Amino acid sequence: MVEQIDSSPVRQPRVGLFVTCLVDLFRPNVGFAALKLLQRAGFDVVIPSQQTCCGQPAYNNGDARDAREIAKQVIDVFAGYDYTVVPSGSCAGMIKEHYPRLFDADAEYYEKATTLSSRCFELTEFLDGIGDGAALPEMPSCSYTYHDSCSGLRELGIKQQPRALLARVSGLSMLEMQDSNVCCGFGGTFCVKYPDISGRMVTDKVEAICATGADMVLGGDLGCLMNIAGRLKRIDSTVSVYHVAEVLAGKTDIPPIGGNSS
Amino acid sequence: MSDSARNAVLDSVRKALGRDCELDASIETALDGRLNDSGPHVLPVFDEPPLERFVDKLETVHATTVRVAGVADIAAAIDSYIGAHRLPTNIVVARSALLDNIDWPAAFHVEHRGATVDDVVSVTEALAGIAETGTLVCGSSESHPTSLNFLPENHVVVISESRLYKHMEEVWQELRRLPGGLPRAVNLITGPSKTADVEQTIQYGAHGPRRLHVIIIEQH
Amino acid sequence: MQSVAHEFKAHARRALQDTTLQHALARAKGGFIDQRRTAIEALPEFDELRACAKQIKNHTLAHLDYYLERYEAQVKADGGQVHWARGPEEARRIVIDICRAAGARRITKGKSMVGEEIAINPALEAAGFEAIETDLGEYIIQLAKEPPSHIIAPAVHKTRGEITELFYAHHRSHGINERVSDVASIVNEARSVLREAFVTADVGITGANFLVAQTGSSILVTNEGNGDLTCSLPRVHIVTASIEKVVPTLEDLAVFLRLLGRSATGQEMSSYTSIFTGPKRNADLDGPAEYHVVLLDHGRSAMLGNEFREMLRCIRCGACLNHCPVYGSIGGHSYGWVYSGPMGAVLTPLMVGLREAADLPNACTLNGRCQEVCPMGIPLPTMLRRLRMREFEQNLTGARSRWLLSIWAFLAKRPRLYQTLLRPFVRLLAIGSRGTRRSLPLARGWTQSRDFPTPQGRTFQSLYRARQRKQ
Ligand code: SF4
C-alpha cells in the first residue's frame, strides 16, 4: 500500500498531518496521539497551521463552490509533503476519492488533487501499511469492540488494518459486534437534519455495542465516536469510547470521549 | 398521435445521446453484428456432472425428482406419485412424441387439452433442462398449452437426460433452432410456485403448482 | 400515485413510532441480507457478472434509440403492438383505450412498478373496469388501499394479524366468513379467491423485468406464477415497461438473470422466469390474441442526457433498500411515492420534482452500503450528492442550513479567523461540563436521543503551538 520508505539517514520522509476540524475542536488528544505514532514510526511530522476543515459539510450539502475553494486550500497547504495522513476515514476519503472529482473542469487543480490523493492516507492504513514492527504500548487488560466507520470502510477499504494494529497492543482483547459495518447514524449534518432517524440508528448501534459486553468501543472517526458516546452516555452505559489512535499511542490517560460514566 | 409520442420519445433519447440524426452506417452494422452474436458472456463454472447438479438444484428448491430407465417406466412413476399423494387419476397431459407413447394404466383418465381450475394433475414434457440452476424449460405450443404449467396443483414434468444442458445459453441456441422460432411463452421453471409475502415465511402453491415432480429418463 | 414525498419528515417520525411497522421491518431486514450473502458467496463469478452487466447496460443505454427501434420492429414482426408514452397520463390513456377496444370488464394485474408509477389501478377503476392485483403482496396492499412499501416485497410492512383482518373484511363477498391467521391458510384463501379472477379476466396487465431487442420478448420474473396466469389466460396481454428495460440479446439477459434473483431474495433463479414473445400462435390452445407493449419514458430520456444516466442501469432488485439503515428504520411509505430506499431517493425527485421530494436526497448518511450491494454498480451516494447540488443551486436547501453552512465555509477558508473565533467558542462549550451535556441550545435534534460530548477545552492548534513554543 505505502511504498517502501527510504530509510537512508539523509532525510526522513515528511508527513503532513491533517488533524481534521473535529479533532482540532473537540479532541486534541487524537491529534497528539497521531503525531506520536507517526514520529515513533520514523517520520518527520509537520502540522501545518493553515489547516481547518476538509470541506465535507459543503460538499455533502450540495455547495460545490465552497467545497472546491476549501479543497484548493487543503491541496495547497499539503502539497509539499511526501505523505498526508489523516486520523479520520471520512476526511481521508474526501481528499482521496472526492477532491479529484471536484476539479473535472480545472486541469491544474485536477492534477494537484490527484497527486495529493495518491499521497494521502488514513492513519491506520498508513501505520499498518508501513509495517514497522515497533512494539505498541501495553494496556491494562480490557476488551474492546470496533465500529467500522462507513467512509473509511467503503471508500478506503479500512477494516482489517485497525484490528491488526490493535492486536499488537498487549492486554487488549477483541469482541466483534453484530453489524460492525452498519452506519451509526452520524452522517455529518444528517444527524441534526434528521434527528429522529439518526437517533434510531445510533440506538441500534449502541445496542450492538452493549451486547458484546466489551469495556471499550473504538473507531477511526471522531464524528461517529461522538455520536456513539453521546448515546452511550444517555443510557448511562459504562462502555468507554476512544479513538483508535489514542489507544495505539497509549494516550488513554484522559477521560474517554464523552467523559467517564458517573 | 401515437406516432408523435413515439417520435418525441426517440428524439429525446437521441438528443440525450448527443445525436440529432440517424446512426452512422458503420455503427449500425456493428450493432447489428452484436445483436446476431450468440456468444455467451460469463458462464459459472461447476464440476458436478450435469444430471447430479440438476437433481440437486431441483431438490433444493423443493421439487421432487425420480429417475427412470425408459419411456416404459413413466406411467409407473406417475402412478406411484399419484398414489403417494392420493391424487385423482383424471389427468391432463401435453402431447409430444414421448408423452404420446406412454402406455397409461387402465384406471387413468387422460385428456389432452388446456388445464382448467378443476384439474389437479398435469403432465408435460420439458424442452430442455438447465443443470446450473435446476431449471425446466417449457415452451408453449398447440400440444403444450401454458395453462398446464400453472393451473393444476401438481405439475409433473418429464425430461430426457439428453435434453439437459449446463447453462441457459445453450438452451437459447436450441430455442432458436425450433421450427417456429421462439414459442409465445417460454417458461423457465425452477421449483413450485411459492410466496413469502406474508411475514417473509415461504409458502408453496401461491397461485401455481404446490408441487413440482420431475421424472428424468436416464440415458444409457 | 400522487406523491406525498414532501411530508417525508412527518411520515418518517410516525413510522419510527409505529411499533407494528418496526417489528415488520426488523423481521424482514435480516432475512434479505443473509440470503443474499449466502447466494453470492456460493457464486465465485458474481463480481465478474456484475462488471459484465454494468458494461452491457452502459452499452445499451449509449445506443438506446437503436435498441428500442429494433425491439419495436421485432415485436411487430411477432404480431404484437408497441405504444409509446411520454408520461403517466399518456400511458394510462393507451392502456384504457386498449381495454375499451377489447370490451373488457375485468382486468388482472401482475406486479409492475411502472404500473404503480403511472397509477394505472385508480385510472382503470375510474374508467369503469375492475382491476385486480394478483401478486399476493400487491393484492394485500390493494385491499388495504396502500402503495407498495418495497419494490420486491410490496406488503413487507404488513403483519399477519393485519392481513387476517383485511381478508376477513374483504372476502365475505366470496362467501368466506371465518378469520384465517396462519400463513398457509392466508395464502390458500388468496389462491382460491384469485383463481376465479384469473379465469374470468378479459385483459391481463403485467410489467416486465427486461425487454429483449433481439427477439422482441418481454421477460417476467416471479415466484408465485401469478404473472404467467395473468399473461396467458386473458384475451389481451398488456405489458407496461419503461424504456431503459431493454437489453440486446438473450445472452445478455442471462447475465442479468444471474444477478437479479440473488440480489433480490438470495435465489439463484426465481420459480418462474418467463419469456413472452408476441400473441398466441395460430394453433395454440391458450395465450392472448392481442399482445401490447406500452413503453414509458417519464423522465428517463432526460436522465440519459444528464448526470443521472447511471441510475438507468437499475434492475429493481431491491438490494439497496434491504441494506439501507434509513429504509430499515422508517420503511418504504415514508418516502411518499412508488419507489423507496436509496433508489427511490434518486428516482422520486427526478420523476415527481426536486421541490416535492427535496428531503429524500438529504435523508441519507452517505454510508455507501447501497452502492456496495448494488448488482449494477450504481454509485447511489454520488447520485444523491448530485441531487443535493441541484437543490443548492435551485435554492431548495433550507435557509437555516444554508446560513450555517456558509458561515462554516467562510471560516474554513480563513484559517486565522477560524482559529481566533473558534478557540473561545470551544472553551465556552467545555466550561463546567463533565464530558457531555444533556441539552444544548441550537442542537436539540442531537440531544433528543443522545448527550452532546463536549470539547476537551483547548483546540489542538493552540495546544500544539504552545507546546512548540516551549521546545
Ligand atoms: S439501485 Fe441497484 S441495488 Fe437498488 S434496486 Fe436498483 S439495481 Fe438493485
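Criteria and cut-off values
Residue indices begin from 1 for each chain and proceed along its sequence in written order. Each chain takes a letter, starting from A, and each ligand takes a number, starting from 1, following the order in which they are written. Local features in this predicted model are restricted to residues whose pLDDT is 70 or higher, and side-chain atom pairs enter the listing and the counts only when it is 80 or higher, whereas totals over whole chains, interfaces and linings include all residues. Water and hydrogen atoms were dropped before computing side-chain values, which therefore reflect all heavy atoms in the structure. Only protein chains enter the accessibility calculation, which uses a 1.4 Å probe; a residue whose area is less than 20% of its type maximum is buried, one above 50% is exposed, and one in between is partly exposed. Numbering of helices and strands runs from the N terminus, with a helix taken as a DSSP run of H or I at least four residues long and a strand as a DSSP run of E at least two residues long. In this analysis, strands are considered paired if DSSP registers two or more bridges between them. When the strands point away from the viewer, a crossover counts as right-handed if the route from the first strand across the helix to the second turns clockwise. For this analysis, residues touch if any pair of their heavy atoms sits within 4.5 Å. Defined in terms of a 1.4 Å probe, buried area is the accessible area two parts forfeit on being brought together, summed over both. We call two N or O atoms a polar contact when they sit within 3.5 Å, provided that within protein one can donate a hydrogen and the other can accept it, with sequence-adjacent residues counted only if both atoms are side-chain atoms. Side-chain classes follow a simple rule in which Ala, Val, Leu, Ile, Met, Phe, Trp, Tyr, Cys and Pro form the nonpolar group, Asp, Glu, Lys and Arg form the charged group, and the remainder, Gly included, forms the polar group. Throughout, an axis means a line fitted to C-alpha atoms (over the contacting stretch in the case of helices), and angles, computed between N-to-C directions, take values from 0 to 180 degrees. A side-chain nitrogen of Lys or Arg and a carboxyl oxygen of Asp or Glu constitute a salt bridge if their distance falls within 4 Å. Domain start and stop points were drawn from an automatic or database domain assignment.

1. Side note on the pairing of strand β7 (residues 216–219) of chain A
Residues and elements named next belong to chain A.
Then, number 1: Burial of the side chains of β7 extends over both faces: Met216 and Leu218 are buried on one face and Val217 and Gly219 on the other.
Then, number 2: Alignment of strand β5 (residues 142–147) against β7, held across four bridges, turns out to be parallel. From the neighbouring strand, Tyr144 faces β7, where its bridge partner is Met216.
Then, number 3: Here β7 runs beside strand β8 (residues 240–243); their pairing, made up of four bridges, is parallel. Bridged to Met216 within β8 is Ser240.
Then, number 4: This β-α-β element, β7 to helix α12 (residues 222–234) to β8, shows right-handed connectivity.

2. Some thoughts on the environment of Lys158 of chain C
Then, number 1: Structurally, Lys158 of chain C is set in the loop between α8 (136–143) and α9 (160–170).
Then, number 2: Along the chain, Lys158 of chain C and Ile140 of chain C lie 18 residues apart, while their C-alpha atoms are 8.6 Å from each other.
Then, number 3: Residues contacting Lys158 of chain C, with those up to four places away along its chain left out, are Glu199 of chain B together with Arg27, Ile140, Ala144, Glu146, Ile163 and Leu166 of chain C.

3. Here's the deal with the interface of chain C and chain A
Then, number 1: Each partner contributes to the interface: chain C provides 62 residues, whereas chain A provides 67 residues.
Then, number 2: In total, chain C and chain A occlude about 5,800 Å² of area from one another, counting both sides; carbon and sulfur atoms represent 59% of this.
Then, number 3: Counting the surface chain C buries against chain A, the share from its top three residues, Arg450, Gln456 and Phe460 of chain C, is 13%.
Then, number 4: At the boundary of chain C with chain A, the tally comes to 31 residue pairs in polar contact (both at pLDDT 80 or more).
Then, number 5: For the side of chain C that touches chain A, the class distribution of residues is 27 nonpolar, 19 polar and 16 charged.

4. Concerning the sheet that holds strand β1 (residues 64–68) of chain B
Residue and element names in this part refer to chain B.
Then, number 1: Read across the sheet, six strands follow the order β1-β12-β7-β4-β2-β3 without closing on themselves; strand pairing throughout is parallel. If you trace the sheet from one side to the other, it starts and ends with β1 and β3 (109–111), each paired once. The mean inter-strand angle of the sheet, taken between neighbouring strand axes irrespective of direction, is 25 degrees.
Then, number 2: Pairing of strand β7 (residues 154–160) with strand β12 (residues 211–217) involves seven bridges; the strand directions are parallel. In the sheet register, Ser160 faces β12, and the bridge partner there is Ile217.
Then, number 3: In the packing of helix α4 (residues 74–84) onto the sheet, contacts are made with β1, β2 (90–93), β4 (121–125), β7 and β12, and the angle to β12 comes to roughly 155 degrees.

5. Focus on the pairing of strand β9 (residues 272–276) of chain C
Each regular strand shows side chains that alternate between the opposite faces of the sheet.
Then, number 1: Across the five residues of β9 of chain C, five count as buried, placing the element largely inside the fold.
Then, number 2: Judged by which residues are buried, β9 of chain C turns out to be covered on both faces: Tyr272, Ser274 and Phe276 of chain C on one side and Thr273 and Ile275 of chain C on the other are all buried.
Then, number 3: Where strand β9 (residues 185–189) of chain B and β9 of chain C come together, five bridges link them in antiparallel fashion. Along β9 of chain C, the bridge assignment pairs Ile189 of chain B with Tyr272 of chain C.
Then, number 4: Where strand β6 (residues 217–222) of chain C lies against β9 of chain C, five bridges are found, and the strand directions are antiparallel. Within β9 of chain C, the position partnered with Ile219 of chain C by the bridge is Ile275 of chain C.

6. Comments concerning the pattern of salt bridges
Then, number 1: Taken as a whole and assessed by the stated rule, the structure comprises 58 salt bridges over all chains.
Then, number 2: Residue Lys109 of chain C is joined to Glu133 of chain C by a salt bridge in which the shortest nitrogen-to-oxygen separation is 2.8 Å. Of this pair, Lys109 of chain C sits in strand β2 (residues 106–109) while Glu133 of chain C is found in strand β3 (residues 130–133), placing the two residues 24 residues apart along the sequence. Assigned by exposure class, Lys109 of chain C and Glu133 of chain C land together as buried.
Then, number 3: Connected through shared salt-bridge partners, Arg6, Asp11, Arg14 and Arg19 of chain B together with Asp65, Glu69, Glu72 and Lys76 of chain C make up one network.

7. So, the interface of chain C and chain B
Then, number 1: Of the residues lining the interface, 98 residues belong to chain C; the matching set on chain B comes to 77 residues.
Then, number 2: Of the roughly 7,400 Å² buried where chain C meets chain B, counting both sides, 57% is carbon and sulfur surface.
Then, number 3: On the chain C side of the contact with chain B, Arg191, Glu251 and Arg258 of chain C bury the most area, a combined 10% of that side's loss.
Then, number 4: In this structure, the connection of chain C to chain B is made through 15 salt bridges.
Then, number 5: The residue Glu199 of chain B makes a salt bridge to Arg27 of chain C at a minimum N-O spacing of 3.5 Å.
Then, number 6: The interface formed by chain C and chain B includes 48 residue pairs in polar contact (both at pLDDT 80 or more).
Then, number 7: It is helix α10 (residues 183–200) of chain C that provides the largest number of residues to the side of chain C that touches chain B, a total of 10 residues.
Then, number 8: When grouped by side-chain class, the residues that make up the side of chain C that touches chain B number 47 nonpolar, 24 polar and 27 charged.

8. Some points on the domain arrangement of chain A
Residue and element names in this part refer to chain A.
Then, number 1: Per the domain assignment, the segments making up chain A are domain 1 (14–128) and domain 2 (138–259).
Then, number 2: Distance from the C-alpha centre of domain 1 to the C-alpha centre of domain 2: 22 Å.
Then, number 3: For the pairing of domain 1 and domain 2, the buried interface totals around 2,300 Å² over both sides, and the portion due to carbon and sulfur atoms is 62%.
Then, number 4: By the criterion of area lost to domain 2, the three top residues of domain 1 are Arg27, Asn29 and Thr124, representing 25% of everything that side buries.
Then, number 5: Applying the counting criterion to the domain 1 and domain 2 interface returns one salt bridge.
Then, number 6: Among the salt bridges present, the one from Glu246 reaches Arg27, with a minimum N-O distance of 2.8 Å.
Then, number 7: The tally of links between domain 1 and domain 2 comes to 14 residue pairs in polar contact (both at pLDDT 80 or more).
Then, number 8: Of all elements in the fold, only α1 (21–26), α2 (28–40), α5 (89–102) and α7 (123–130) reach the threshold of two or more residues within the side of domain 1 that touches domain 2.
Then, number 9: Looking at side-chain class alone, the side of domain 1 that touches domain 2 contains 13 nonpolar, eight polar and eight charged residues.

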